[in-house]
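Structural overview for review
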Amino acid sequence: MIILGIETSCDETAAAVVKNGREILTNVVASSVSLHRKTGGIIPEVAAREQLKYILPVIKKALNKIPRQKIDALAVTTGPGLIGSLLVGVEAAKALCYTWQKPAVPINHLQAHLYANWLNPQSSTPQLPALGLVVSGGHTDLIYLKNHGQIKWLGGTRDDAAGECFDKCARLLGLGYPGGPAISQAAQKVNHKTRKTFQLPRPMIYEDNFDFSFSGLKTAVLHQVQKNLSLKEKAALAWEIQEAISDVLVTKTKKAMEKYQIKAVLLAGGVIANPRLREKMGQQIKGVPVFIPPINLCTDNATFIASCAEFNFHPFPWSKIQADSSLEIEEVIK
Ligand code: KG4
Ligand code: ZN
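Residue numbers run consecutively from 1 along every chain, following the written order of its sequence. Chains carry letters from A onward and ligands carry numbers from 1 onward, assigned in written order. Selection of residues for local features in this predicted model requires a pLDDT of at least 70, selection of side-chain atom pairs for listing and counting requires 80 or more, and totals for whole chains, interfaces and linings are taken over all residues. To obtain the side-chain values, all non-hydrogen atoms of the structure were included, while hydrogens and water were left out.

This paragraph deals with the sheet that holds strand β6 (residues 130-135). The rule for pairing is simple: two strands pair if DSSP sees at least two bridges between them. Numbering of helices and strands starts at the N terminus; helices are DSSP runs of H or I of at least 4 residues and strands are runs of E of at least 2. Taken in spatial order, the five strands make up an open sheet running β8-β7-β6-β9-β10, and their pairing is mixed. Of all the strands in the sheet, just β8 (150-156) and β10 (290-291) have a single pairing partner and so form its edges. Bridge analysis of β6 against strand β9 (residues 264-268) gives five bridges, and the strand direction is parallel. Within the sheet, the bridge partner assigned to Gly 132 lies in β9 and is Leu 266.

Given below as structure tokens:
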């Protein structure tokens with residue numbers, strides 16, 4: 001099938017056309033991040049207004065040179081996310097489905113992130129069952145994917161998501177928004193021979209569950225920042241933040257691998273763009289292939305929305321599709 005995906009869950013307005021769930025024909029992303037940089041974070045209403053501005057030009061660009069007769073279906077993110085942003089994509093998709101008379105597939109953004117691993121031209125097809133780790137600005141979830149659509153949610157964050165922790169720590173350090181890329185850039189400047197050593201907690205790392213907690217880490221960073229750090233010390237602290245978050249994510253993933261018989265580990269979400277986390281996952285996960293999407297497919301875009309729809313093709317009457325800001329992953333395996 002050829003599927004047009006539409007993604008507007010947060011501050012990216014994205015549309016993409018994907019063939020057979022694996023081949024990206026077009027991928028267009030407009031981001032309002034520069035506006036949010038000015039306010040140090042996302043103001044939902046500002047994000048929604050930007051979505052409105054970009055949605056039609058982005059869809060038009062994604063369809064450039066692809067006649068709409070070739071599109072077999074539309075896939076759209078219905079949640080989770082910011083409601084004002086989600087509504088823009090959902091209503092645009094509904095209007096197109098109505099006028100073009102095409103099937104509509106509602107998609108869960110979190111589940112879809114994993115499908116970035118089916119879109120990497122450099123890698124083979126992931127084998128299932130697999131263990132998925134989705135680490136984004138709003139979520140940190142471990143998922144057992146027995147087959148497409150056969151999902152068990154193993155655990156998630158009890159407070160802040162890993163991306164949120166990066167963003168909040170960066171703000172405390174005065175590094176700007178979004179915090180994840182800012183922290184990894186600051187950490188790259190560290191001189192390992194002379195760096196001051198900071199000790200940050202690895203919350204819940206050895207607890208007997210698949211849950212996460214990152215708010216304590218943020219508080220520990222606050223205590224350090226209050227000591228008026230030099231630029232060099234800030235770089236060393238940024239390095240340690242990366243280490244602490246990566247250690248927890250790697251250890252919990254390894255723990256889940258002990259319990260579930262899997263053939264692959266699938267990493268996904270904006271935080272997986274972090275170079276140190278990619279390196280540690282690659283080095284420390286052994287026994288099964290680890291799939292790590294290219295950086296542009298880790299952060300929000302519509303290619304994985306379209307791919308997810310191909311492998312989980314459940315069309316819905318367009319008029320019944322609704323945005324749901326707190327949409328949860330539908331667990332089929334209990
Ligand atoms: O998946 P995503 O693009 O959007 C959501 O669905 O939330 O993830 C955004 C999150 C932000 O918190 C951002 O700071 C984080 O991903 N991020 C990173 C990096 N690039 C983006 N975190 C750590 N290191 C990075 N290089
Ligand atoms: Zn996302």
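Following the structure, the description resumes.
This brings us to the site of ligand 1. Note on definitions. A residue lies near a molecule or strand when any single heavy atom of the residue is within 4 Å of it. Around ligand 1, 19 residues are found, and the nearest of them are Gly 137, Asp 167, Gly 180, Gly 270 and Asp 300. One of the backbone N or O atoms of Gly 137 is found 2.8 Å from an oxygen atom in ligand 1. Of all the secondary-structure elements, those providing two or more residues to the shell around ligand 1 are α4 (109-113), α5 (162-173) and α6 (179-188). Residues are grouped as follows: Ala, Val, Leu, Ile, Met, Phe, Trp, Tyr, Cys and Pro are nonpolar; Asp, Glu, Lys and Arg are charged; all remaining types, including Gly, are polar. Residue classes in the shell around ligand 1 are distributed as four nonpolar, 13 polar and two charged. Start and end points for every domain follow an automatic or database-based domain assignment. Composition of the shell around ligand 1 by domain shows at least three residues from each of domain 1 (2-116 + 296-320) and domain 2 (127-293). What qualifies as a polar contact is a pair of N or O atoms within 3.5 Å, subject to a donor-acceptor requirement within protein and to the restriction that residues adjacent in sequence count only when both atoms come from side chains.

The coordination sphere of the zinc ion (ligand 2) contains the protein donors His 109 (NE2), His 113 (NE2) and Asp 300 (OD), at a distance range of 2.0 to 2.1 Å. Expressed as a motif, the donor residue spacing for the zinc ion (ligand 2) is H-x3-H-x186-D. You can see His 109 sitting in helix α4 and its partner Asp 300 sitting in the loop between α10 (295-298) and α11 (303-311), a full 191 residues away along the chain. The pair formed by His 109 and Asp 300 is uniform in burial state, with each residue classed as buried. Note on donors: an N, O or S atom is included if it sits within 2.8 Å of the metal, or within 3.2 Å for Na, K and Ca, and water is never included, so sites can look incomplete. Think of it in three bands: residues with accessible area under 20% of the maximum for their type are buried, residues over 50% are exposed, and the middle band is partly exposed, with areas taken using a 1.4 Å probe on protein chains only.

In this section: the domain arrangement of the protein. Taken domain by domain, the protein holds domain 1 (2-116 + 296-320) and domain 2 (127-293). Spacing between the C-alpha centres of domain 1 and domain 2 amounts to 26 Å. By definition, residues are in contact when any of their heavy atoms lie within 4.5 Å. Taken together, the contacts link 19 residues of domain 1 with 22 residues of domain 2. Buried area is a sum: the accessible area each of two parts loses on coming together, probed at 1.4 Å, counted once for each and added. Both faces combined, the contact of domain 1 with domain 2 buries some 1,500 Å², and carbon together with sulfur accounts for 72% of it.

A few words on helix α7 (residues 215-225). Turning to α7, its buried residues are Leu 217, Ala 220, Val 221, Gln 224 and Val 225. Looking down the long axis of α7, one finds its buried residues gathered within 140 degrees of arc, a one-sided arrangement. The inward-facing, buried residues of α7 contact α5 and α8 (231-259). By construction, the arc corresponds to the directions joining the helix axis to the C-beta atoms.

So, about the pattern of salt bridges. When their charged atoms lie close together, side chains carrying opposite charge are able to pair. Only one rule defines a salt bridge in this text: a Lys or Arg side-chain nitrogen within 4 Å of an Asp or Glu carboxyl oxygen. Tallied over the entire structure, the rule returns 15 salt bridges. What emerges from the salt-bridge pattern is a single network uniting Arg 202, Glu 240, Glu 243, Asp 247, Arg 276, Glu 279 and Lys 280.

Quick look at the side chain of His 36 now. Within the secondary structure, His 36 sits in helix α1 (residues 33-39). Of the residues examined, His 36 reaches a relative accessible area of 1% and is grouped as buried.

A few words now on the side chain of Gln 51. Structurally, the position occupied by Gln 51 is in helix α2 (residues 44-62). A relative accessible area of 1% means that Gln 51 is categorised as buried. Separated by 2.7 Å, the side chains of Gln 51 and Thr 13 make a polar contact. Residues in contact with Gln 51, not counting those within four places in the same chain, are Thr 8, Cys 10, Asp 11, Glu 12, Thr 13, Ser 85 and Val 88.

Glancing now at the sheet that holds strand β5 (residues 104-108). One open sheet holds the five strands; their spatial order is β3-β2-β1-β4-β5, and the pairing between them is mixed. Edge positions in the sheet fall to β3 (23-31) and β5, since each of these pairs with one other strand and no more. Here the strands of the sheet are splayed against their neighbours by 20 degrees on average, with no regard to which way each runs. Relative to strand β4 (residues 73-79), strand β1 (residues 2-7) runs parallel, the two sharing four bridges. Each residue of the ladder has a partner; that of Leu 4, found in β4, is Leu 74. In the packing of α11 onto the sheet, contacts are made with β1, β2 (12-19), β3, β4 and β5, and the angle to β1 comes to roughly 130 degrees. Whenever a helix is involved, its axis is fitted only over the stretch in contact; in every case the axis is a line through C-alpha atoms, and angles between N-to-C directions fall within 0 to 180 degrees.

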